[in-house]
2 protein chains.
Amino acid sequence: MPSVIALDAMGSDRAPKPEIEGAIQAARHHDVRVVLVGPEPVLSAELERHPAAAELPIEVVHASEVITMEDKAAQAVRAKRDSSMRVGLRLVREGKAVGFVSAGNTGAAMATAKLVLGVLPGVDRPALAAVFPTAVGTAACLLDVGANVDCNPENLVQFAVMGEIYFRSMFGTRRPRVGLLSIGEEETKGNELTRDAFQLLKQLPLNFVGNVEGGDLFSGEVDVIVCDGFVGNIALKICEGLAFQIFGLLRKSINSSLASQVGFLFSRGALKGLKKKIDYAESGGAPLLGVRGVCVIAHGRSNANAVKNAIRVAAGLARARMNEKIEQELSAAAVIA
Amino acid sequence: MPSVIALDAMGSDRAPKPEIEGAIQAARHHDVRVVLVGPEPVLSAELERHPAAAELPIEVVHASEVITMEDKAAQAVRAKRDSSMRVGLRLVREGKAVGFVSAGNTGAAMATAKLVLGVLPGVDRPALAAVFPTAVGTAACLLDVGANVDCNPENLVQFAVMGEIYFRSMFGTRRPRVGLLSIGEEETKGNELTRDAFQLLKQLPLNFVGNVEGGDLFSGEVDVIVCDGFVGNIALKICEGLAFQIFGLLRKSINSSLASQVGFLFSRGALKGLKKKIDYAESGGAPLLGVRGVCVIAHGRSNANAVKNAIRVAAGLARARMNEKIEQELSAAAVIA
């Protein structure tokens, strides 16, 4: 039986276009049924432009309101009680869907998920986990990337446990290596928060490799990297900004002479391959770990491919029963922490 | 009269080779006299391999000990009282040199500088400032990148004032735009530290543009970006690591097919130009702002070109009388903060 995924059809910057195209691709290529959530007239009109959709396991559930990128999270959650986010997450709570995907306002999606789904036992704060490619071709996962700004050591421990389970569920790694993002390898290095968290982490039955530095994110020598949401969000945005800048400079360099333009015609395939490798759209969004239900948050700039991948990730996490594992292992970790 | 710069000749990973070659290049191309500090027999032997050096304003001052990358900073400073770092910084304190450059152990260089030179009035903590290129071709400066791990809002205010003066001195920008590294544009966004610092910064007579996010580092829309040393060091290492990874993937992509190899022959110049643009060696090291004297810390992997540029930067900062300006403006800022 296909997994039912509720998709906030009004989330992304160019919604509902990428959402509807992504839903069609996902329904066609993966074993999923997609429930598009949003203003029914808008969604039906857009769906009519894709006659093939009628044959696919796609349906529409009406929600009269839309939370925009400009909305303040806390306010929007209270004021817009019939938003596409809230209605979509309610489908998960009621068991009508096994997972929820949104490319909308991250703060509002997280706040709504906490409100509607609640948190798992043993979790003080849900965490947003970002996945990116490393230099050796493997994936690595950084969390928290924005859900929690001021953290205590116990929060970081919970992030480590959740991130480790997520990584195992997604990539099948038996013993993912877990590192603590800091500014030196020795356990005495770092700030107050990381030094205290280090002491807790080394007591857990995790494959804890100790402190890792900013440059290690891409080394492939660590799978799950734990930090507070302030540091993690800055790290994530730097990666996006720098990759964008390097490609921009590359384009400028290439256009600067006829010879390099000619050269580019030959190496274009290679550069495109590279770009695809570090493209956020391939990663399929960041799951919000620790809420009672699968919730995947995709980039606001998501295209159809990114939406399709986020749906695939949500279905995979539901099938892997990740939340049950988090609940079990956190209750074991709580004995130590 | 040439500026006299004391150079720790034993700092870099491949010392003293890059130091001596960098000193020769600096003495040849810039209006400086370089004092090489380190074990005299070692330095004289290496200098003999460069007969041209005899004609240049280069001299040697003996120091019997060397602080290695493996040394613990605090310990090394106490134990190695005749280290090349300490002897070099003493030359600055005694007025025999106007600036000091080291590509050695960053922690030890900072601790020794604080000990030997002391801090400027109004400065609670010196800060390490890193300079990097932006997408529009201008430079931007991030501080602190590692000198201070747990900071209070007043520390960040001092970093802002020092960074602004540094940027003006180096790049001649009349009103550098100063931003606070955070995770959202609104002043209510960020962690406790940045929210409090925001309130102080907006009262200062700086061109304060508010919060900036990780991706804005390279936008060219902000000149000086302020953060605590934990966040700054992670940010810096991520930039190095990611740039390194992208170039690695690029090389792999290019080698993956004959067509792209042929293409690369044509566009090689463009790629080299790009690499140079984002090469740390061009930036000339990070000044330690707030100590009583000019102290520039270069990367441990520095080559001769990086050493030469660090010497140029140190001489420029001395000529710009940056420290006197910091002292004056901090006493003005103290009235507010």
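A. Just the overall build of chain A, in detail. For chain A, the helix and strand inventory stands at 12 helices and 11 strands. Residue burial in chain A is summarised as follows: out of 337 residues, 56% are buried. For chain A, long-range pairs separated by at least 24 residues make up 72% of all intrachain contacts whose partners lie at least 6 apart in sequence. Carbon and sulfur atoms make up 52% of the accessible area of chain A, which totals about 13500 Å².

B. Examining the pattern of salt bridges more closely. Counted according to the given criterion, the structure contains 26 salt bridges over all chains. When the shortest N-O distance is used, the salt bridge between A:Glu213 and B:Lys237 registers 2.6 Å. Remark: B:Lys237 occurs in helix α8 (residues 229-255) and A:Glu213 occurs in the loop between β8 (207-212) and β9 (224-226); the pair is interchain, linking two chains.

C. Here's a closer look at the sheet that holds strand β5 (residues 127-133) of chain A. Residue and element names in this part refer to chain A. The strand order across the open sheet formed by 11 strands is β3-β2-β1-β4-β11-β10-β5-β6-β9-β7-β8, and the pairing between neighbours is mixed. The sheet is open, and its two borders are formed by β3 (58-62) and β8, each paired with just one other strand. Ignoring which end each strand starts from, the neighbouring axes of this sheet average 25° apart. The pairing of strand β6 (residues 139-143) with β9 spans three bridges and is classified as parallel. By the bridge assignment, leucine 142 is partnered in β9 with isoleucine 225. Here helix α5 (residues 106-117) sits on the sheet and contacts β5, β10 (286-289) and β11 (294-297); the angle it forms with β11, its principal contact strand, is near 175°.

D. Just the pairing of strand β2 (residues 32-38) of chain B, in detail. Residues and elements named next belong to chain B. Within β2, six of the seven residues are buried, which leaves it mostly tucked inside the rest of the structure. The pairing of strand β1 (residues 3-8) with β2 spans six bridges and is classified as parallel. Among the inter-strand pairings, leucine 7 is bridged to a residue of β2, identified as leucine 36. Of the crossover connections in this fold, the one passing from β1 over helix α1 (residues 17-29) to the parallel β2 is right-handed. Of the pairings in the sheet, the one linking β2 to strand β3 (residues 58-62) comprises five bridges and is parallel in character.

E. Spotlight on the packing of helix α6 (residues 153-171) of chain B against helix α7 (residues 192-201) of chain B. All names here are of chain B. Running from N to C, α6 and α7 point in directions that differ by 55°, and their axes come no closer than 8 Å. The pairing of α6 with α7 is recorded here as oblique in orientation. Pair α6 / α7 crosses with right-handed handedness. On the side of α6, the interface is formed by Pro153, Glu154, Leu156, Val157 and Ala160, while α7 contributes Leu193, Asp196, Ala197, Leu200 and Leu201.

F. Examining the side chain of A:Arg86 more closely. All names here are of chain A. Of note, arginine 86 is situated in helix α4 (residues 84-93). Buried charge without a partner: arginine 86 forms no salt bridge, and the closest opposite charge is glutamate 65, 8.0 Å away. For arginine 86, the side chain forms a polar contact with the main-chain oxygen of valine 77, separated by 2.8 Å. Sequence-distant contacts of arginine 86, that is, excluding residues within four places in its chain, are made with Val77, Lys80, Arg81, Thr112, Leu115 and Val116.

G. Spatial organisation of the pairing of strand β1 (residues 3-8) of chain A. All names here are of chain A. Within β1, six of the six residues are buried, leaving the element largely enclosed by the surrounding structure. Judged by which residues are buried, β1 turns out to be covered on both faces: Ser3, Ile5 and Leu7 on one side and Val4, Ala6 and Asp8 on the other are all buried. In terms of strand pairing, β1 meets strand β4 (residues 99-102) through three bridges, oriented parallel. Counted as the bridge partner of alanine 6 is phenylalanine 100 from β4.

H. Quick peek at the nonpolar core. With 98 residues, the main nonpolar core has A:Leu142, A:Leu181, A:Ile225, B:Leu181 and B:Ile225 as its most contacted residues. Residues in contact with A:Leu142, not counting those within four places in the same chain, are A:Leu128, A:Ala129, A:Ala130, A:Phe132, A:Leu181, A:Leu217, A:Ile225, A:Cys227, A:Gly232 and A:Ala235.

I. Expanded view of unusual backbone geometry. Residues and elements named next belong to chain A. Aspartate 144 follows leucine 143 through a cis peptide bond whose omega is 0°. Note that aspartate 144 resides in the loop between β6 and α6 (153-171). Not every positive phi belongs to a glycine, and arginine 321 is a case in point at roughly 50°.

J. Representation of α4(A) in the model. All names here are of chain A. A large share of α4 lies buried, amounting to eight of its 10 residues. Along α4, the positions that sit buried rather than exposed are Ser84, Met85, Arg86, Val87, Gly88, Leu89, Leu91 and Val92. Downstream of α4 by one or two residues, glycine 95 has phi in the positive range, about 80°.

K. Region of the structure containing the environment of A:Ala243. Residues and elements named next belong to chain A. With respect to the element layout, alanine 243 can be found in helix α8 (residues 229-255). For alanine 243, a relative accessible area of 13% puts it in the buried group. Spatially, the C-alpha atom of alanine 243 lies 15 Å from that of valine 131, the residues being 112 residues apart in sequence.

L. A look at the confidence of the model for chain A. Across chain A, pLDDT averages 89, with 89% of residues at or above 70. Note on the complex model: pTM 0.87, ipTM 0.85.

M. Region of interest: the sheet that holds β1(B). All names here are of chain B. Strand order in the open sheet made by the 11 strands is β3-β2-β1-β4-β11-β10-β5-β6-β9-β7-β8, with mixed pairing throughout. Each end of this open sheet is capped by a strand with a single partner; those strands are β3 and β8 (207-212). On average, each strand axis in the sheet is inclined to that of its neighbour by 25°, with strand direction left out of account. Of the strands in this sheet, β1, β2 and β3 touch α1, which is tilted by about 165° from β2.

N. Looking closely at the side chain of B:Glu164. Turning to its location among the elements, B:Glu164 is positioned in helix α6. The contacts of B:Glu164, once residues within four sequence positions are left out, are B:Pro176, B:Val178, B:Leu206, B:Val224 and B:Glu329.

O. Here's a closer look at the environment of A:Gly22. Residue and element names in this part refer to chain A. Positionally, glycine 22 belongs in helix α1 (residues 17-29). It is 8.1 Å that separates the C-alpha atoms of glycine 22 and asparagine 309, two residues lying 287 residues apart in sequence. Glycine 22 has contacts with Ala304, Val307, Lys308 and Ile311, leaving out every residue within four places of it along the chain.

P. Representation of a negative patch on the surface in the model. A cluster of like negative charges, contributed by A:Asp124, A:Glu154, A:Glu192, A:Asp196 and B:Asp150, occupies part of the molecular surface. Examined against the element boundaries, A:Asp196 turns out to sit in helix α7 (residues 192-201). Under the relative-accessibility criterion, A:Asp196 is labelled partly exposed at 40%.

Rules used throughout
The residue count restarts for each chain, going from 1 along the sequence in the order it is written. For this description, chains carry letters from A and ligands carry numbers from 1, given in the order in which they are written. In keeping with the predicted nature of the model, local features appear solely for residues at pLDDT of at least 70, side-chain atom pairs appear and are counted solely at 80 or more, and the whole-chain, interface and lining totals rest on all residues. Side-chain calculation: all heavy atoms of the structure are included, whereas hydrogens and water are not. A run of H or I in DSSP counts as a helix once it spans at least four residues, and a run of E counts as a strand once it spans at least two, with each numbered from the N terminus. Exposure classes here rest on a 1.4 Å probe applied to the protein chains alone. A residue is buried below 20% of its type maximum, exposed above 50%, and partly exposed in between. Throughout, a residue-residue contact means that at least one pair of heavy atoms, one from each residue, lies within 4.5 Å. Computed with a 1.4 Å probe, the accessible areas rest on the Shrake-Rupley method; for each residue, only the protein chains presented here act as cover. The salt bridge definition used is simple: a Lys or Arg side-chain nitrogen within 4 Å of an Asp or Glu carboxyl oxygen. Between any two strands, pairing holds if DSSP finds at least two bridges. Convention adopted: a line fitted to C-alpha atoms gives each axis, helices being fitted over their contacting stretch, and angles between N-to-C directions are expressed from 0 to 180 degrees. Orient the strands so they point away from the viewer; a crossover is then right-handed if the path from the first strand over the helix to the second runs clockwise. An angle counts as roughly parallel when it lies under 35 degrees, as roughly antiparallel when it exceeds 145, as roughly perpendicular when it falls between 65 and 115, and as oblique in every other case. Rotating anticlockwise by less than a right angle from the far helix to the near helix defines a left-handed crossing, while the corresponding clockwise rotation defines a right-handed one. Lys and Arg are tallied as positive, Asp and Glu as negative. Neither His nor the chain termini are counted. Polar contacts, as counted here, are pairs of nitrogen or oxygen atoms within 3.5 Å of one another; within protein the pair requires one atom able to donate a hydrogen and one able to accept it, and residues that are adjacent in sequence qualify only if both atoms are side-chain atoms. Here, nonpolar core means buried Ala, Val, Leu, Ile, Met, Phe, Trp, Tyr and Cys residues that are tied together by side-chain atoms lying within 4.5 Å of each other. Values of pLDDT, which run from 0 to 100, indicate the predictor's confidence residue by residue. Note that patches include only residues with greater than 30% relative accessible area and no salt bridge, and the join distances are 9 Å for like charges and 5 Å for nonpolar side chains (Val, Leu, Ile, Met, Phe, Trp, Tyr). For charged residues, the charge sits on one atom: NZ in Lys, CZ in Arg, CG in Asp, CD in Glu.

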